[in-house]
Amino acid sequence: MILGLETSCDETAAAVITPDGRILSNIVSSQADLHARYGGVVPEVASRRHLELVTPVVQEAMAEAETSLDEVDLIGVTAGPGLIGALLVGVAAAKAIAWARRLPLAAVDHLQGHVASLYLQPDPVEPPFLCLLASGGHTLLLEVQDHTSKPRVIGTTLDDAAGEAFDKGARLLGLGYPGGAEIERIAREGDPSAYEFPVARVPGLDFSFSGLKTALLYAVRELTAEDLERGRADLAASYQRAIVRALVERTRQAAEQIGATRIAVVGGVAANFELRAALPQATAAPPALCTDNAAMIASAARFSSPIPYPGYLGLDAYASTA
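Here is a short report on the structure shown in this document. What you see is a predicted model; the values in this text were computed from it and never measured.

Re the overall build of the protein
Then step 1. Across its full length, the protein holds 10 helices and 10 strands.
Then step 2. Compactness check: the protein gives a C-alpha radius of gyration of 20 Å against a globular reference of 20 Å for 322 residues, within 12% of the reference.
Then step 3. When its C-alpha atoms are laid out on the principal axes, the protein stretches across 60 × 45 × 35 Å.
Then step 4. The proportion of buried residues among the 322 residues of the protein is 52%.

A word on the pattern of salt bridges
Then step 1. Under the definition given, this model contains 16 salt bridges.
Then step 2. In this structure, Arg101 and Asp70 form a salt bridge, with 2.0 Å as the shortest nitrogen-oxygen distance. Linking Arg101 in helix 3 (residues 84-101) with Asp70 in the loop between helix 2 (43-64) and strand 4 (74-80), this pair joins segments that are 31 residues apart in sequence.
Then step 3. We classify Arg101 as partly exposed; its relative accessible area is 36%.

Let's talk about the sheet that holds strand 9 (residues 263-266)
Then step 1. Taken in spatial order, the five strands make up an open sheet running 8-7-6-9-10, and their pairing is mixed. The open sheet has two free edges, formed respectively by strand 8 (152-156) and strand 10 (283-284), since each of these has just one partner strand.
Then step 2. Bridge count between strand 7 (residues 139-144) and strand 8: four bridges; the pairing is antiparallel. Looking at strand 8, one finds that Glu143 is bridged to Arg152.
Then step 3. Contacts from helix 8 (residues 225-258) reach strand 6 (129-134), strand 7, strand 8 and strand 9 within the one sheet, and its direction differs from that of strand 6 by about 155 degrees.

Quick notes on the side chain of Ser8
Then step 1. As for its placement among the helices and strands, Ser8 is situated in the loop between strand 1 (2-6) and strand 2 (11-17).
Then step 2. Look past the residues within four positions of Ser8 in its chain and what remains in contact with it is Thr78, Pro81, Gly82, Leu83, Ala86, Leu87, His110 and Asp292.

Notes on the packing of helix 2 against helix 3
Then step 1. Interhelical geometry of helix 2 versus helix 3 gives an angle of 30 degrees and a closest axis separation of 9 Å. Judged by the angle between their axes, helix 2 and helix 3 are roughly parallel. For the pair helix 2 and helix 3, the sense of crossing is right-handed. Residues Ser47, His50, Leu51, Val54 and Val58 of helix 2 form the contact with helix 3, whose participating residues are Gly85, Ala86, Val89, Ala93 and Ile97.

Looking at the state of the cysteines
Then step 1. Counted under the stated rule, the structure contains zero disulfides.
Then step 2. The closest cysteine sulfur to the non-disulfide-bonded Cys131 is located on Cys290, 10 Å from its own sulfur.
Then step 3. Relative accessible area serves as the criterion here: at 0%, Cys131 is assigned to the buried category.
Then step 4. For Cys290, a relative accessible area of 0% gives the class buried.

Conventions adopted
- Every chain's residues receive numbers from 1 upward, in the order its sequence appears when written.
- Given that the model is predicted, a residue must reach a pLDDT of at least 70 before its local features are reported, and side-chain atom pairs must reach 80 or more before they are shown or counted; all residues, however, enter totals for whole chains, interfaces and linings.
- No hydrogens and no water enter the side-chain calculation; it runs on all heavy atoms of the structure.
- Helix and strand labels come from DSSP, where a helix needs a run of H or I of at least four residues and a strand needs a run of E of at least two; each type is numbered from the N terminus.
- The atom set for the radius of gyration is the C-alpha atoms, and the globule formula is 2.2 Å times the number of residues raised to the power 0.38.
- Buried means the residue's accessible area, taken with a 1.4 Å probe over protein chains only, is under 20% of the maximum for its type, while exposed means over 50%, and partly exposed covers the values in between.
- For this document, the term salt bridge refers to a Lys or Arg side-chain nitrogen within 4 Å of an Asp or Glu carboxyl oxygen.
- When DSSP finds two or more bridges between a pair of strands, those strands are recorded as paired.
- In what follows, residue pairs with any heavy atoms lying within 4.5 Å of each other are defined as contacts.
- Angular values range over 0 to 180 degrees, each being the angle between N-to-C directions of two axes fitted as lines to C-alpha atoms, with helices fitted over their stretch in contact.
- With respect to orientation, any angle under 35 degrees is reported as roughly parallel, any angle over 145 as roughly antiparallel, any angle of 65 to 115 as roughly perpendicular, and every other angle as oblique.
- Handedness of a crossing follows from how the near helix is turned relative to the far one, being left-handed for an anticlockwise turn of less than a right angle and right-handed for a clockwise one.
- The disulfide definition used here is simple: a pair of cysteine sulfur atoms within 2.5 Å.

Interpretation in functional terms is not warranted from these geometric data alone.
Following this line, the structure appears as structure tokens:
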């Protein structure tokens, strides 16, 4: 069996899966309530909380899977990208467990982990496919050829990620954190055609959300406090519609350009109901596997080249990809 650990941002997660991709446990301890007072993730606070949670989360994952470390054959851990302090907690924990049991360790790229969420049972997606990865820190269009090769990036964001645009938009609208869930919640009560927000037309297959964020800022500034209160749902619905429209238009353009016959959507934003509805032909990761979790990391570990004991003791985390 494979034990996966994920601590790249504000979720402390551990999971146990079988070599064929069956999830035996997938425990996620979110820090959303802890960071809500700040309107976003505070890296040092997140790191300290990971230190407190990583051991009990691993213990809970093993208990739910009804197994023990004696049955684990491989440890997989997110090595990056992410918040460096948070990552180091997970990497240190994984190295300690692997070293103590003399097990191999797989250093997993967080983004490839999101893609690997599609390879889990009961309905694994087989490559090749075009993958839209939309999360709080990344927005990418990836050409996935097989399970083991690094996906080819054919589009990325020039500024904010889609999830970041949701969070910043929620802050402008006076909503809580995490912003994506808050905007989606209130947008259900609004009219998405009430405001016409722009969709950036940048060269190639890249994205840009900074202009959209600025347009929302100007729209909010023009309203009195009373008008904002009355129109908040319409603003949220229209803003969400613009983000989804940008993601969908680029994804369809990319699929046509590379001749992709299959489209997949992963990452935290993939849980958004409107995005899923706007890409009915796409395969989206299950909602529980969209946000950061360790099952996807364990899944990616299956297709990696593990580092044998004790060669991983010098393994380091990385905050960003080159």
